[in-house]
Amino acid sequence: MSVPDYMQCAEDHQTVLVVVQPVGIVPEDQFFRIYKRIASVAQVSIRDSQRNLYIRYRHHYLPENNDWGDFQTHRKVVGLICVTTCGSGKEWPQTSERFHGQKEVFGATLYDSRLLVFGLQGEIAEQQRTDVAFYPSYDDCPDVEKKVEDFVESIFIVLESKRLDRATDKSGDKIPLLCVPFEKKDFVGLDTDSRHYKKRCQGRMRKHVGDLCLQAGMLQDALVHYHMAVELLRSVNDFLWLGAALEGLCSASVIFHYPGGTAGKAAGRNPSAAQGQAADAGKRHRPGAQEVLIDPGALTTNGISADTSSEIGRAKNCLSPEDIIEKYKEAISYYGKYKNAGVIELEACVKAVRVLAIQKRAMEASEFLQNAVYINLGQLSEEEKIQRYSILSELYYLIGFHRKSAFFKRVAAMQCVAPTIPEPGWRACYKLLLETLPGYSLSLDPKDFSKGAHRGWAAVQMRLLHELVYASRRMGNPGLSVRHLSFLLQTMLDFLSDQEKKEVTQSLENYTSKCPGGMEVITLPDGLRLHPVPFTKLPIVRYVHVTLSLSRGILAIFHAALTPYYCLCFVSLDFQWVQGDVCEVQLMVYNPMPFELRVENMGLLTSGVEFESLPAALSLPAESGLYPVTLVGVPRTAGNITVNGYHTSVFGVTSDCLLDSLTSVRTSGCLVEVIPSLPRLQLSTSLPRSAHPLQPSKEELSSSVSVQLFNGETQQLTITLENIGSEDLETLEITSKISNTKERLFGEFLIRLDFSGGENLLQDLMTVNGISVTGLPISSPLRQVLKPRAETRPPGSESSKTDYNHVKMLEAVMTFKYSGGAGKVEGYYRDLTLGLHVDVEPSVFFTRVSTLPATSTRQCHLLLDVFNSTEHELTVSAQNNQDLVLHASECQRYVTLSCKFRDSVVSLCISFHTPSFHCL
């Protein structure tokens with residue numbers, strides 16, 4: 001026997017073997033359709049008896065295995081069912097002859113046989129025959145199962161007669177010696193009259209009768225015969241058959257303890273009776289129980305208990321669960337002494353593993369499997385090697401050794417494409433490789449890799465993914481290769497060296513040049529779905545900012561960054577986008593690759609209103625660090641829009657990257673309201689932009705300008721407004737206010753508005769030409785508070801410059817509020833805010849004021865000590881008086897004639913070499 005049956009289990013020892021084969025030309029689908037119906041009759045309750053007969057069906061069985069039927073009767077073919085198609089009476093003789101020829105193959109062991117004929121009608125089909133059943137067609141055969149049950153009952157009659165015949169045989173000197181095929185030549189010339197030989201014959205026959213009792217449903221009798229056989233065979237050192245007797249004893253005990261079976265079947269064979277038996281067994285048996293507990297009354301003179309059911313209930317000779325494994329080990333050690341018993345030894349290991357799996361003793365089961373790996377079965381074909389490694393994988397999985405299971409499954413996959421195979425089975429290899437993924441903690445769903453720490457050995461996982469890529473390429477499926485290679489690059493990027501990154505990306509570009517990668521789901525023939533793999537790490541996105549339209553500047557920002565608390569939420573922003581305006585989302589990206597990364601067709605992914613994305617292309621330097629990227633688009637309709645993510649094209653693979661799949665961004669989307677279209681104004685001024693930020697305020701500034709003035713100076717500011725939108729401007733409101741300042745001011749900080757052509761303001765803004773707000777004077781305060789100075793300071797003495805060089809900062813905000821178009825109807829408006837920053841520098845200070853009498857009693861001389869705190873030369877003059885020239889940081893006395901009125905005003909004009917200003 002050279003081919004093991006890896007699907008065997010301990011309970012198969014109580015089954016009878018029936019072979020179902022086609023005869024002649026039978027459609028394969030029709031044959032297996034009938035075979036499935038036949039195999040459904042796996043258990044038959046014998047009439048007038050409390051026993052059941054279990055049947056094991058095979059549609060292919062090597063005749064050489066039948067030669068081991070005396071060694072273990074469940075290996076003997078005792079029934080044959082042939083299925084044939086016969087269209088006419090002329091074909092019947094040939095069909096009948098083929099049936100008889102098929103019976104001759106297993107004729108030495110057959111108990112009974114049946115022929116199922118489909119398609120034959122007429123006189124021949126009307127003949128009543130017990131061994132042949134005629135049916136008009138494969139669809140019209142309602143009583144197939146009933147015919148099979150009758151056939152099984154006939155097998156039981158023969159089985160029972162053989163059991164009784166062997167059990168009642170008391171002539172020990174006439175007992176034949178049962179042999180396995182390779183023993184026959186060893187017993188030639190032996191002394192058949194020796195006591196040793198007779199004991200050998202008795203022991204082997206006892207073991208054989210035990211097999212027949214087990215098949216006939218007499219469990220207790222089988223246990224008794226097995227125990228007696230063990231004693232007899234142990235005394236003559238007949239190790240091969242001693243191992244078989246021990247294995248039979250283990251099988252009978254397993255059937256008692258585990259009536260549900262050890263092969264993972266859906267239901268037990270006799271669950272109601274089994275529960276009570278198992279409970280009794282737990283009370284009566286314990287580890288270390290006696291091996292032989294033969295009850296003298298267990299067997300009658302003919303070898304059968306008078307009350308078999310009661311003996312089964314007691315199960316005196318049944319092994320405990322722990323002893324079952326010990327006896328399996330002993331039996332396997334005996335099998336190992338014989339080179340030709342490798343198949344028997346391997347199958348015994350498999351049976352023991354299945355029992356240990358039920359007992360949840362994984363480590364001991366792994367020892368049996370390790371022994372099975374090293375059993376030499378001679379020269380095996382490639383198909384047999386694949387089957388062996390696959391079964392080892394399934395058994396390791398059964399005991400919970402998932403990684404070991406994956407290892408042998410992968411070995412089986414590599415065996416499918418061995419160099420010795422003329423036509424390598426790449427599809428079978430690929431299918432087996434897919435089955436190894438769970439054992440290596442590897443899933444082909446990229447979402448499973450964003451749920452915390454990496455699981456499994458990355459080096460082994462990368463090797464397996466490379467093998468999947470190669471196998472799919474040899475299958476002629478480049479799209480599958482692209483998907484697996486994309487998955488490798490996305491999920492294993494952190495474990496790839498710089499050289500491996502270059503090699504993988506080069507391979508990916510070569511594949512995508514023939515078959516570009518996309519976001520479609522790939523469905524394999526076996527139904528497995530390969531989800532798309534978005535490149536969320538090429539580049540890596542660290543921050544996402546959703547802002548207003550480009551024309552407004554950054555007025556509001558959504559900042560999604562990594563926080564200590566993980567909270568996946570949906571964000572609704574407190575500002576709106578405007579229909580028809582260009583809107584933007586700002587990203588901070590990072591290139592993790594050791595070479596330049598080219599990203600093409602990068603744009604926004606949105607849902608809701610119609611949105612036109614304007615894709616961008618960028619080139620990121622190697623390991624660039626954080627790099628800003630702005631993605632823009634235009635909402636075409638009003639409503640709500642959700643920014644879900646972005647799309648890219650990298651290495652020929654198109655990716656849709658959603659925000660909820662980004663590990664550094666804790667949001668599933670950003671909801672923005674899109675309001676109806678509004679006009680859009682663009683603001684420019686005659687002053688330069690401010691280099692100083694305004695003091696913190698609640699207002700967001702669209703623009704800011706700065707100007708430097710001397711105290712009392714006035715300067716014109718021109719503001720230009722241009723309507724660059726598609727909607728007409730219908731309303732415009734301009735306001736201004738001074739920001740809070742800590743400076744104490746005397747006088748006013750004046751901003752006066754003067755519109756040139758103001759009566760046509762809105763009409764001009766409806767066009768693209770724009771208008772100018774001109775003649776806008778900005779005046780600084782008249783007086784400032786200075787430190788007190790001594791009145792006795794001489795007029796010509798030098799004043800300290802630090803007393804007067806204090807520069808004051810003044811700020812104001814102008815707001816332009818406007819609306820028009822469909823947005824105005826809905827109550828929306830825009831505003832532009834212009835910040836004004838003024839640095840006020842000191843100019844002229846009056847350090848002392850005094851009077852002297854004049855010639856007229858109505859007048860007096862006004863004496864002013866004037867100090868020039870600037871770095872410029874200036875001239876001070878008054879009406880009808882001589883001008884006074886002051887150099888930088890110079891103080892002089894100025895005398896003028898003034899009336900003695902209560903509210904007199906002296907007007908002085910101060911002139912620089914720069915444009916003049918007035919100080920009142």
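In the block above lies the structure referred to throughout.
Residues numbered from 1 in each chain as written. Predicted model: local features only at pLDDT ≥ 70, side-chain atom pairs only at ≥ 80, totals over all residues. Heavy atoms only, no water.

**Q** For this particular structure, what's the right way to read the overall build of the protein?
**A** Helices and strands together make up the secondary structure of the protein, namely 19 helices and 36 strands. When burial is assessed residue by residue, the protein has 49% of its 920 residues classed as buried. Put simply, 73% of the contacts in the protein that link residues at least 6 apart link residues at least 24 apart. Surface accessibility of the protein: about 44,200 Å² in total, with carbon and sulfur atoms responsible for 50%. (Helix = DSSP H or I, 4+ residues; strand = E, 2+ residues; numbered from the N terminus. Buried < 20%, exposed > 50% of the residue type's maximum accessible area, 1.4 Å probe, protein only. Contact = heavy atoms within 4.5 Å. Areas by Shrake-Rupley, 256 points an atom, 1.4 Å probe, with all protein chains shown as cover.)

**Q** Please clarify how the pattern of salt bridges should be interpreted in this entry.
**A** Two side chains of opposite charge can pair, provided their charged atoms sit close to one another. This structure, assessed with the given rule, holds 28 salt bridges. A salt bridge links Arg129 to Asp131; its shortest N-O distance comes to 3.4 Å. Assessed through its relative accessible area of 30%, Arg129 is described here as partly exposed. Glu435 serves as the salt-bridge partner of Lys409, at 3.2 Å between the closest nitrogen and oxygen. With Lys409 in helix H13 (residues 402–415) and Glu435 in helix H14 (residues 426–435), this residue pair connects regions lying 26 residues apart in the sequence. (Salt bridge = Lys/Arg side-chain N within 4 Å of Asp/Glu carboxyl O.)

**Q** Can you help me understand the packing of helix H10 (residues 342–359) against helix H11 (residues 362–373) in this one?
**A** Each pair of packed helices can be summarised by the angle the axes make with each other and by the distance between the axes. Taken N-terminus to C-terminus, the directions of H10 and H11 make an angle of 165 degrees; their axes are 9 Å apart at the nearest point. One way to sum up the angle between H10 and H11 is to call them roughly antiparallel. Relative to H11, the crossing made by H10 is left-handed. For the pair H10 and H11, contact is made by Glu345, Leu346, Cys349, Ala352, Val353 and Leu356 and by Glu364, Ala365, Phe368, Leu369, Asn371 and Ala372, respectively. Residues that form the contact of H10 with H11 fall into these classes: 9 nonpolar, 1 polar and 2 charged. (Axes fitted to C-alpha atoms, helices over the stretch in contact; angles between N-to-C directions. Parallel < 35°, antiparallel > 145°, perpendicular 65-115°, else oblique. Left-handed = near helix turned anticlockwise from the far one by under 90°. Nonpolar A, V, L, I, M, F, W, Y, C, P; charged D, E, K, R; others polar.)

**Q** Looking at this structure, how should I read the sheet that holds strand E3 (residues 52–58)?
**A** For sheets, the rule is that strands pair by backbone hydrogen bonds, running either parallel or antiparallel. If you walk across this open sheet you meet the 6 strands as E2-E3-E1-E4-E5-E6, and the pairing is mixed. Sheet topology places strand E2 (43–45) and strand E6 (132–135) at the edges, where each strand pairs with a single neighbour. When the angles between neighbouring strand axes are averaged without regard to direction, this sheet yields 25 degrees. Here strand E1 (residues 15–23) pairs with strand E4 (residues 77–85) via 7 bridges, running parallel. Across the sheet, Leu17 pairs through a bridge with Val77, a residue of E4. (Pairing = 2+ DSSP bridges.)

**Q** Just to check I follow, could you spell out unusual backbone geometry for this structure?
**A** With the exception of glycine, the majority of residues adopt a negative phi angle, and the majority of peptide bonds are in the trans configuration. In this structure, the amide linkage connecting Leu538 to the following residue, Pro539, adopts the cis form with an omega of 0 degrees. Even without being glycine, Lys360 reaches a positive phi, approximately 60 degrees. Residue position: Lys360 is located in the loop between H10 and H11. Since its relative accessible area comes to 76%, Lys360 is described here as exposed.

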